[in-house]
Amino acid sequence: MRILLVEDERDLGAAIQCDLRREKYVVDWVQNGDEAWHLLGDAAQTYTLGVFDWLLPGLSGVELCQRLRSQGTPLPVLLLTAKDRLQDKVEGLDAGADDYLVKPFGLEELLARLRALQRRSPAFQPTQLQVGGLLLDYGTSTAALADSAQQPLPLTTKEFQLLEYFMQHPNQILSREQLMNRVWSLQADPMSNVVAAQIRLLRKKLADHGCDGLIETVYGMGYRFNAAL
Ligand code: CA
(Lines give C-alpha, C1' and ligand atoms only; values in the text may rest on other atoms or scores of the structure.)
Protein backbone atom coordinates (compact mmCIF):
# COMPACT_ATOMS: atom_id res chain seq x y z
CA MET A 1 0.00 0.00 0.00
CA ARG A 2 1.67 3.16 -1.18
CA ILE A 3 0.45 6.65 -0.26
CA LEU A 4 1.37 9.96 -1.84
CA LEU A 5 1.29 12.60 0.90
CA VAL A 6 1.39 16.22 -0.23
CA GLU A 7 1.66 18.58 2.74
CA ASP A 8 3.74 21.74 3.00
CA GLU A 9 3.56 22.10 6.79
CA ARG A 10 6.74 20.32 7.81
CA ASP A 11 5.75 19.29 11.31
CA LEU A 12 2.36 18.00 10.23
CA GLY A 13 3.76 16.21 7.17
CA ALA A 14 6.47 14.53 9.25
CA ALA A 15 3.94 13.44 11.88
CA ILE A 16 1.55 12.01 9.29
CA GLN A 17 4.37 10.24 7.46
CA CYS A 18 5.61 8.70 10.71
CA ASP A 19 2.12 7.48 11.67
CA LEU A 20 1.34 6.05 8.26
CA ARG A 21 4.65 4.19 8.19
CA ARG A 22 3.87 2.71 11.56
CA GLU A 23 0.63 1.45 9.99
CA LYS A 24 2.76 -0.29 7.33
CA TYR A 25 2.00 2.07 4.47
CA VAL A 26 4.80 3.02 2.11
CA VAL A 27 4.72 6.83 2.12
CA ASP A 28 6.14 9.30 -0.37
CA TRP A 29 5.93 12.78 1.13
CA VAL A 30 6.38 15.88 -1.00
CA GLN A 31 5.72 19.49 -0.02
CA ASN A 32 4.82 21.05 -3.34
CA GLY A 33 1.85 20.51 -5.66
CA ASP A 34 3.94 20.68 -8.84
CA GLU A 35 6.29 18.01 -7.55
CA ALA A 36 3.30 15.85 -6.64
CA TRP A 37 1.90 16.20 -10.15
CA HIS A 38 5.25 15.22 -11.59
CA LEU A 39 5.15 12.00 -9.55
CA LEU A 40 1.51 11.32 -10.40
CA GLY A 41 2.07 12.00 -14.08
CA ASP A 42 4.80 9.39 -14.19
CA ALA A 43 3.26 6.76 -11.99
CA ALA A 44 -0.21 7.48 -10.59
CA GLN A 45 -0.92 3.75 -10.72
CA THR A 46 1.86 3.01 -8.25
CA TYR A 47 -0.14 4.75 -5.51
CA THR A 48 -3.01 3.23 -3.54
CA LEU A 49 -4.18 6.48 -1.92
CA GLY A 50 -3.48 10.21 -2.08
CA VAL A 51 -3.53 12.58 0.90
CA PHE A 52 -3.39 16.15 -0.42
CA ASP A 53 -3.33 19.39 1.52
CA TRP A 54 -5.57 22.00 -0.13
CA LEU A 55 -3.25 25.03 -0.04
CA LEU A 56 0.20 24.18 -1.37
CA PRO A 57 3.07 25.86 -3.17
CA GLY A 58 2.52 25.17 -6.88
CA LEU A 59 -0.64 23.29 -7.80
CA SER A 60 -3.23 23.13 -5.01
CA GLY A 61 -4.69 19.90 -3.68
CA VAL A 62 -7.93 20.68 -5.50
CA GLU A 63 -6.10 21.25 -8.78
CA LEU A 64 -4.28 17.94 -8.33
CA CYS A 65 -7.67 16.22 -7.90
CA GLN A 66 -9.11 17.93 -10.96
CA ARG A 67 -6.15 16.91 -13.09
CA LEU A 68 -6.31 13.30 -11.92
CA ARG A 69 -10.03 13.07 -12.61
CA SER A 70 -9.76 14.76 -16.02
CA GLN A 71 -7.28 12.00 -16.91
CA GLY A 72 -9.65 9.36 -15.62
CA THR A 73 -7.24 8.29 -12.87
CA PRO A 74 -9.28 6.64 -10.09
CA LEU A 75 -6.75 7.17 -7.26
CA PRO A 76 -8.76 7.70 -4.02
CA VAL A 77 -7.91 11.12 -2.56
CA LEU A 78 -8.38 12.56 0.92
CA LEU A 79 -8.13 16.37 1.01
CA LEU A 80 -6.69 18.08 4.09
CA THR A 81 -7.52 21.69 4.76
CA ALA A 82 -8.14 24.38 7.32
CA LYS A 83 -11.10 25.55 5.27
CA ASP A 84 -14.32 24.46 6.88
CA ARG A 85 -17.06 26.40 5.17
CA LEU A 86 -19.68 24.34 3.45
CA GLN A 87 -18.96 25.80 0.00
CA ASP A 88 -15.30 24.80 0.33
CA LYS A 89 -16.27 21.22 1.09
CA VAL A 90 -18.52 21.17 -1.94
CA GLU A 91 -15.72 22.57 -4.11
CA GLY A 92 -13.28 19.94 -2.87
CA LEU A 93 -15.66 17.05 -3.45
CA ASP A 94 -16.73 18.43 -6.83
CA ALA A 95 -13.08 18.53 -7.85
CA GLY A 96 -12.96 14.78 -7.38
CA ALA A 97 -11.74 14.34 -3.80
CA ASP A 98 -13.24 11.26 -2.17
CA ASP A 99 -13.16 12.61 1.36
CA TYR A 100 -12.32 15.73 3.25
CA LEU A 101 -10.66 16.28 6.63
CA VAL A 102 -10.58 19.67 8.35
CA LYS A 103 -7.46 20.74 10.26
CA PRO A 104 -6.73 20.35 13.06
CA PHE A 105 -7.56 16.66 13.15
CA GLY A 106 -6.42 13.72 15.22
CA LEU A 107 -4.15 11.26 13.45
CA GLU A 108 -6.48 8.48 14.57
CA GLU A 109 -9.25 10.08 12.54
CA LEU A 110 -6.99 10.39 9.51
CA LEU A 111 -6.14 6.69 9.75
CA ALA A 112 -9.80 5.74 10.09
CA ARG A 113 -10.73 7.82 7.02
CA LEU A 114 -7.92 6.22 5.03
CA ARG A 115 -9.05 2.74 6.01
CA ALA A 116 -12.57 3.65 4.88
CA LEU A 117 -11.26 4.96 1.55
CA GLN A 118 -9.20 1.83 1.13
CA ARG A 119 -12.26 -0.34 1.70
CA ARG A 120 -14.10 1.55 -1.01
CA SER A 121 -11.21 1.47 -3.45
CA PRO A 122 -10.69 -1.23 -6.08
CA ALA A 123 -7.34 -1.99 -4.50
CA PHE A 124 -9.10 -2.96 -1.26
CA GLN A 125 -6.96 -5.22 0.83
CA PRO A 126 -8.44 -8.42 2.23
CA THR A 127 -7.45 -9.56 5.71
CA GLN A 128 -5.46 -12.44 4.25
CA LEU A 129 -3.75 -13.17 0.98
CA GLN A 130 -3.09 -16.75 -0.07
CA VAL A 131 -0.95 -17.69 -3.05
CA GLY A 132 0.00 -21.31 -3.53
CA GLY A 133 0.64 -22.75 -0.10
CA LEU A 134 1.61 -19.45 1.50
CA LEU A 135 -0.75 -17.35 3.59
CA LEU A 136 -0.06 -13.69 4.43
CA ASP A 137 -2.05 -12.24 7.33
CA TYR A 138 -2.59 -8.48 7.37
CA GLY A 139 -3.87 -8.37 10.94
CA THR A 140 -0.88 -10.06 12.53
CA SER A 141 1.81 -9.24 9.91
CA THR A 142 2.75 -12.88 9.63
CA ALA A 143 3.29 -15.47 6.93
CA ALA A 144 2.34 -19.11 7.34
CA LEU A 145 2.09 -22.31 5.35
CA ALA A 146 -1.62 -22.80 4.76
CA ASP A 147 -1.68 -26.49 5.63
CA SER A 148 0.80 -26.40 8.48
CA ALA A 149 0.28 -26.41 12.23
CA GLN A 150 3.52 -24.45 12.59
CA GLN A 151 3.43 -21.06 14.32
CA PRO A 152 3.01 -18.20 11.81
CA LEU A 153 6.23 -16.37 10.98
CA PRO A 154 6.34 -12.74 12.20
CA LEU A 155 7.53 -10.30 9.53
CA THR A 156 9.02 -6.83 9.76
CA THR A 157 7.17 -4.06 7.95
CA LYS A 158 9.53 -4.14 4.98
CA GLU A 159 9.53 -7.94 4.76
CA PHE A 160 5.74 -7.89 4.83
CA GLN A 161 5.51 -5.24 2.09
CA LEU A 162 8.02 -7.06 -0.08
CA LEU A 163 6.35 -10.45 0.30
CA GLU A 164 2.93 -8.88 -0.30
CA TYR A 165 4.11 -7.38 -3.57
CA PHE A 166 5.61 -10.69 -4.69
CA MET A 167 2.41 -12.53 -3.81
CA GLN A 168 0.32 -9.99 -5.70
CA HIS A 169 2.40 -10.80 -8.78
CA PRO A 170 2.96 -14.57 -8.61
CA ASN A 171 5.17 -16.21 -11.22
CA GLN A 172 6.04 -12.85 -12.76
CA ILE A 173 9.56 -11.57 -13.10
CA LEU A 174 9.84 -8.38 -11.05
CA SER A 175 12.86 -6.20 -11.68
CA ARG A 176 14.88 -4.59 -8.93
CA GLU A 177 13.56 -1.20 -10.13
CA GLN A 178 9.93 -2.37 -9.90
CA LEU A 179 10.47 -3.63 -6.37
CA MET A 180 12.28 -0.44 -5.45
CA ASN A 181 9.45 1.70 -6.83
CA ARG A 182 6.67 -0.19 -5.16
CA VAL A 183 8.10 -1.24 -1.84
CA TRP A 184 10.54 1.55 -0.98
CA SER A 185 9.74 5.24 -0.76
CA LEU A 186 11.40 8.07 -2.66
CA GLN A 187 13.84 8.64 0.16
CA ALA A 188 15.57 5.32 -0.53
CA ASP A 189 18.78 5.50 -2.56
CA PRO A 190 18.07 3.84 -5.94
CA MET A 191 21.74 2.90 -6.30
CA SER A 192 21.89 1.00 -3.05
CA ASN A 193 21.64 -2.77 -2.86
CA VAL A 194 18.77 -2.54 -0.40
CA VAL A 195 16.47 -4.72 -2.56
CA ALA A 196 18.95 -7.58 -2.86
CA ALA A 197 19.83 -7.35 0.83
CA GLN A 198 16.20 -7.38 1.92
CA ILE A 199 15.37 -10.31 -0.35
CA ARG A 200 18.32 -12.24 1.07
CA LEU A 201 16.99 -11.71 4.60
CA LEU A 202 13.44 -12.61 3.64
CA ARG A 203 14.55 -15.77 1.86
CA LYS A 204 16.58 -16.90 4.82
CA LYS A 205 13.70 -16.26 7.18
CA LEU A 206 11.28 -18.17 4.94
CA ALA A 207 13.76 -21.02 4.46
CA ASP A 208 14.27 -21.30 8.24
CA HIS A 209 10.49 -21.61 8.46
CA GLY A 210 10.35 -24.44 5.94
CA CYS A 211 9.45 -22.31 2.89
CA ASP A 212 12.53 -22.71 0.73
CA GLY A 213 12.79 -21.59 -2.89
CA LEU A 214 9.75 -19.31 -2.92
CA ILE A 215 11.64 -16.31 -4.29
CA GLU A 216 13.82 -17.17 -7.25
CA THR A 217 16.50 -15.02 -8.79
CA VAL A 218 16.07 -14.68 -12.55
CA TYR A 219 19.58 -13.88 -13.61
CA GLY A 220 19.98 -10.44 -15.17
CA MET A 221 16.24 -9.72 -14.92
CA GLY A 222 15.06 -9.74 -11.35
CA TYR A 223 13.12 -11.99 -9.03
CA ARG A 224 10.10 -14.27 -9.25
CA PHE A 225 7.72 -15.57 -6.60
CA ASN A 226 7.14 -19.23 -7.33
CA ALA A 227 3.47 -19.87 -6.55
CA ALA A 228 3.70 -23.57 -7.38
CA LEU A 229 5.67 -24.37 -4.24
CA1 CA B 1 -0.80 24.10 3.22
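This structure is a prediction, so every number in the text was calculated from the model and none was measured.

**Q** Would you mind going over the overall build of the protein in detail, with residue names and values included?
**A** Assigned secondary structure in the protein consists of eight helices and twelve strands. In summary, the protein has a C-alpha radius of gyration of 19 Å against a globular reference of 17 Å for 229 residues, a match within 12%. If one aligns the C-alpha atoms of the protein with their principal axes, the spans along those axes are about 60 × 35 × 30 Å. The buried share of the protein, reckoned over its 229 residues, is 49%. Contacts in the protein between residues far apart in sequence, at least 24 positions, make up 58% of those at least 6 positions apart. As displayed, the protein has an accessible area near 11,300 Å², and 52% of this comes from carbon and sulfur atoms. Each charge class in the protein can be summarised by its mean position, and for the 23 positive and 29 negative side chains these summaries are 3 Å apart.

**Q** Can you break down the sheet that holds strand E10 (residues 173-174) residue by residue, with the values?
**A** Sheet architecture is open: three strands sit in the order E10-E12-E11, paired in antiparallel fashion. In this open sheet, the two strands that pair with only one neighbour each are E10 and strand E11 (215-218). Sheet contacts for helix H6 (residues 157-168): E10, E11 and strand E12 (222-225); angle to E12, the most-contacted strand, approximately 75°.

**Q** If you had to explain the pairing of strand E1 (residues 2-6) to someone new, which residues and values would you point to?
**A** Burial of E1 is extensive: five of the five residues sit out of reach of the surface. Residues Arg2, Leu4 and Val6 line one face of E1 and the alternating positions Ile3 and Leu5 line the opposite face, and both faces are buried. Two strands pair when backbone bridges link them, and E1 and strand E2 (residues 26-30) are joined in this way by five bridges, in the parallel orientation. Within E2, the residue paired with Ile3 across the bridge is Val27. Following the backbone out of E1, through helix H1 (residues 10-22) and into the adjacent parallel E2, one traces a crossover that is right-handed.

**Q** Summarise H1; cite the residues concerned and give the values.
**A** Between its first and last C-alpha atoms H1 spans 18 Å; for 13 residues at 1.5 Å apiece the expected length is 18 Å, and the two agree. Every buried residue of H1 is listed here: Gly13, Ile16, Gln17, Asp19 and Leu20. Across the axial projection of H1, the buried residues extend over an arc of 165°, all falling on one side. Exposed residues lying more than 90 degrees from the buried face of H1 are Arg10, Asp11 and Arg22. Looking at the buried positions of H1, the neighbouring elements they touch are E1, E2, strand E4 (77-81) and helix H5 (107-120). Just downstream of H1 lies Lys24, where phi reads positive at about 75°.

**Q** Break down the environment of Val51 for me, with residues and values.
**A** Residue placement: Val51 occurs in strand E3 (residues 49-53). The exposure class of Val51 is buried, given its relative accessible area of 0%. Val51 sits 35 residues away from Ile16 along the chain, and the two C-alpha atoms are 9.8 Å apart. The contact partners of Val51, leaving out residues within four places of it in the chain, are Ile3, Leu4, Leu5, Val6, Leu78, Leu80 and Leu114.

**Q** How would you summarise the sheet that holds strand E5 (residues 99-102) if you had to cite specific residues and measurements?
**A** Note on sheets: strands pair through backbone hydrogen bonds, and any given pair is parallel or antiparallel. Spatial strand order, E2-E1-E3-E4-E5: five strands in an open sheet with parallel pairing. Two strands in the sheet have a free side with no partner beyond their single neighbour: E2 and E5. Across this sheet, the average inter-strand angle for adjacent strands is 15°, counted without regard to direction. Where helix H7 (residues 176-183) meets the sheet, it contacts E1 and E2, and its direction lies at approximately 55° from that of E1.

**Q** Give a detailed account of the coordination of the calcium ion, specifying residues and quantitative values.
**A** Taken together, the protein ligands of the calcium ion are Asp8 (OD), Asp53 (OD) and Leu55 (O), with distances of 2.1 to 2.3 Å. Considered as a linear motif, the donors of the calcium ion on their single chain read D-x44-D-x1-L. Of this pair, Asp8 sits in the loop between E1 and H1 while Asp53 is found in strand E3, placing the two residues 45 residues apart along the sequence. On the basis of relative accessible area, Asp8 is assigned to the partly exposed category, the value being 30%. For Asp53, a relative accessible area of 4% corresponds to the buried category.

Calculation criteria
All residue numbers here refer to positions counted from 1 along the written sequence of the relevant chain. Only residues with pLDDT of at least 70 get local features here, since the model is predicted, and only at 80 or more are side-chain atom pairs given and counted; chain-wide, interface and lining totals rely on the full set of residues. Computation of side-chain values: all heavy atoms of the structure, hydrogens and water removed. Runs of H or I in DSSP of at least four residues are treated as helices and runs of E of at least two as strands, each being numbered from the N terminus. When we talk radius of gyration, it's over C-alpha atoms, and the globule rule is simply 2.2 Å times the number of residues to the 0.38. Exposed residues in this analysis have more than 50% of their type's maximum accessible area, buried residues have under 20%, and partly exposed residues fall in between, with area computed by a 1.4 Å probe over protein chains only. A contact between two residues is defined here by any heavy atoms of the two lying within 4.5 Å. Using a 1.4 Å probe, accessible areas were evaluated by the Shrake-Rupley method; residue-level cover was limited to the displayed protein chains. Charge assignment: positive for Lys and Arg, negative for Asp and Glu; neither His nor the chain ends contribute. To locate a charge, take atom NZ for lysine, CZ for arginine, CG for aspartate or CD for glutamate. Strands are labelled as partners when DSSP assigns at least two bridges between them. Angles shown run from 0 to 180 degrees and are taken between the N-to-C directions of axes, each axis being a line fitted to C-alpha atoms and, for helices, limited to the stretch in contact. Every crossover in which the path from the first strand over the helix to the second runs clockwise, viewed with the strands pointing away from the viewer, is termed right-handed. An expected span of 1.5 Å times one less than the residue number is assigned to each helix. What the arc covers is the set of directions going from the helix axis to the C-beta atoms. Atoms of type N, O and S within 2.8 Å of a metal are treated as its donors, and for Na, K and Ca the window is 3.2 Å; water is not considered, so some sites may appear to be missing partners.

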